Amino acid sequence: MESSLDPNFDHSIFQHFVHNHSNKKGNITDPVAITFHIAEAIQGEYGLSQDILQSELNAVNNHFSNTDIEFFMCGAPRQISGEQSYTTRNADELNARNHIANTINIYLVNDVMADVFGIGGFAFFPWDPRDNLQKYIMIDRGTPNLAGVLSHEIGHFYGLYHTHTTLNGLELVNRSNCEFRGDLLCDTEADYNLALGGIDGCKYVGEVKDSNGDFYMPNPKNMMSYSSHRCISEFTLDQSNRMNFYHTRDLSYLKSECSFPDFLISSAEPSKSIRADEDIKIKYSLDLDGDIDLEEIEVYFWLSDDEAELGTIIQKETISLPPGSTSLDLDFNIDFPINRSTNTYFLTAQVDPEFKVLEQEEGNNLHTISVTVDNSALEDQVVFANPVSNNILKIFLRDKSTKTELNFYIWDHLGRLHKQVDVFKNREEYFEEIDVSSLADGLYILEAHFPDKGRSESFNFYKQSL
């Protein structure tokens, strides 16, 4: 938020810092903790994985390679509920609920608004009078060149102005007033504001003049310009020095290390092969690192036919966490959906799916195995279990017709109709489950009728209560 000048900035002190600092640290960098918060109006639709954010943060660190600073994620990204768009008012409220002390809190949201216009993001200067817990960065998560916008806003957080700053007066192209006007830095070219135009690709082609009649020649690649997002990629040496100055003076409260607990779920079984009517029995190991203040935790099981997607939840389990435990052996019996045809699927176990624990890493909360369904051993038409004792009658039909109407009728031995189920068969292998809890114990006939083919298949089954 470029709305104020540093009231305590002294140019001579800054120059003294730069002089003493230039040969002080060599290639040594200070680690600085960042907490990412991913805020969504609809829970569960986050879209930014820890791996993606780490890749963006690696690019940010490349931008900051001339500084003394190297950023790292302080724990896994926090998945939090939020609103569709943010102004400074509701952004402050979001930060007040979620701020992690002594870290740079960066909120990635759907939309960031300034008045009625959308912007890429905003940040607070280090000299802003608000408390450190009230300082943060907010960014439109869909903005192009996310790493560049992150670097731009972190630049503000570390005391950099826009290259076109006019708060302290206009900077001249000949740089005769560069120490006290514009962005106060002499190795950034004077800039009239590239948001007004003059860029072709990432080259400046404008013909704007300053008050002396000299043509501006701003650098469209400078991270603190209002050039196209895809162009910004570099800081100057003076910009790096200014960030180092505030790093040591106003931002020394930021953490250089973080310690959070962590879950790790794994399995020695990389794959399973089953029939669609069988459950999956699998052993997992759950390692717990650090203090976890919970007595129990949830595990979700997801099933998908695409390894890149979680798919749908097919089962939820709750497991106890004994005090002081560091490793648990878990045995799960997973009820595989009967309607899955012969194919390979992907079963993913996810620990702490609602992110109740702030962890060092959340990527290891997931473990995926491949599940091959092979129904070749099943007859073309079969009902099971027979006798039925759990009130669920399962039906398997293999038929070359992939799309057809199908009616199921259940008759008793006197020819009375007890149940009718109308379905649509859309694949060669078809499964159905019919609730027979309303039937009394005894012998019944299940008729599978194909109305468009004019044929039926009949099966006897016995209902037997436990």
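See above for the structure.
As a starting point, this report considers the structure included with it. (Residues numbered from 1 in each chain as written. Predicted model: local features only at pLDDT ≥ 70, side-chain atom pairs only at ≥ 80, totals over all residues. Heavy atoms only, no water.)

### Notes on the side chain of Asn61
Its location among the elements puts Asn61 in helix 2 (residues 50-63). In this structure, Asn61 is in contact with Glu70 and Phe71, ignoring residues within four places of it in sequence. (Helix = DSSP H or I, 4+ residues; strand = E, 2+ residues; numbered from the N terminus. Contact = heavy atoms within 4.5 Å.)

### A look at empty space enclosed by the protein
Tallying each qualifying case throughout the model produces one cavity of 30 Å³ or more. Considered as a void within the structure, the largest cavity measures approximately 40 Å³ in volume. Looking at the lining of the largest cavity residue by residue, the class counts come to one nonpolar, five polar and two charged. (1 Å grid on protein atoms, 1.4 Å probe; cavity = no way out; pocket = protein on both sides within 12 Å on 5 of 7 lines; lining within 4 Å. Points joined across faces, edges and corners; volume = space filled by probe spheres on them. Nonpolar A, V, L, I, M, F, W, Y, C, P; charged D, E, K, R; others polar.)

### Some points on the packing of helix 1 (residues 11-21) against helix 5 (residues 237-249)
What describes two packed helices is the angle between their axes and the distance between those same axes. Orientation of helix 1 relative to helix 5, taken along the N-to-C sense of each, is 100°, at an axis distance of 10 Å. Judged on the interaxial angle alone, helix 5 and helix 1 are roughly perpendicular. Note on element contacts: helix 5 touches helix 1 through Asp238, Asn241, Arg242, Asn244, Phe245 and Thr248, opposite Ile13, Phe14, Phe17, Val18 and His21. Among the residues forming the contact of helix 1 with helix 5, the class breakdown is five nonpolar, four polar and two charged. (Axes fitted to C-alpha atoms, helices over the stretch in contact; angles between N-to-C directions. Parallel < 35°, antiparallel > 145°, perpendicular 65-115°, else oblique.)

### Some remarks on the pairing of strand 2 (residues 69-73)
For strand 2, the tally of buried residues reaches four of five residues, placing the bulk of the element in the interior. Judged from the five bridges that link them, strand 1 (residues 30-40) and strand 2 form a sheet pairing that is parallel. Among the inter-strand pairings, Ala33 is bridged to a residue of strand 2, identified as Phe72. (Buried < 20%, exposed > 50% of the residue type's maximum accessible area, 1.4 Å probe, protein only. Pairing = 2+ DSSP bridges.)

### A look at the sheet that holds strand 13 (residues 271-274)
The strand order across the open sheet built from five strands is 13-19-18-15-16, with neighbouring strands paired in mixed fashion. The open sheet terminates on both sides in strands that have one partner only, identified here as strand 13 and strand 16 (312-320). Between one strand axis and the next, the sheet turns through 25° on average, direction left out of account. Looking at chain direction, strand 18 (residues 343-351) and strand 19 (residues 366-373) are connected through eight bridges and run antiparallel. If you follow Tyr345 over to strand 19, its bridge partner there is Val371.

### Quick notes on the sheet that holds strand 26 (residues 455-463)
Taken together, four strands build an open sheet; the order of strands is 23-22-25-26 and the sheet is antiparallel. At either end of the open sheet lies a strand with only one pairing partner, and these are strand 23 (417-425) and strand 26. For this sheet, the mean angle separating the axes of adjacent strands, direction not counted, is 20°. In the sheet, strand 25 (residues 442-450) pairs with strand 26 via nine bridges, with the strands oriented antiparallel. The residue of strand 26 that forms the bridge with Gly442 is Lys463.

### Some words on helix 1
Buried within helix 1 are the following residues: His11, Phe14, Phe17, Val18 and His21. For helix 1, the angular spread of buried residues about the axis comes to 120°, placing them on one side. Set apart from the buried face of helix 1 by more than 90 degrees, the exposed residues are His16 and His19. Against the buried residues of helix 1 lie helix 5. (Arc of directions from axis to C-beta.)

### Comments concerning the packing of helix 2 against helix 4 (residues 146-157)
Taken N-terminus to C-terminus, the directions of helix 2 and helix 4 make an angle of 50°; their axes are 9 Å apart at the nearest point. Between helix 2 and helix 4, the angle is such that the two are oblique. Helix-helix and strand crossings are classified by hand; for helix 2 and helix 4 the assignment is right-handed. Counting all contacts with helix 2, which are made through Glu56, Ala59, Val60 and His63, the residues of helix 4 involved are Leu146, Ala147, Gly148, Leu150, Ser151 and Ile154. In terms of residue class, the contact of helix 2 with helix 4 is made up of six nonpolar, three polar and one charged. (Left-handed = near helix turned anticlockwise from the far one by under 90°.)

### With respect to unusual backbone geometry
The phi torsion at Leu184 lies on the positive side, around 70°, for a residue other than glycine. Mapped onto the elements of the fold, Leu184 is located in the loop between helix 4 and strand 10 (199-200). Positive phi outside glycine occurs at Asn391, with the angle close to 70°.

Shape is all these values report; function is a separate question.
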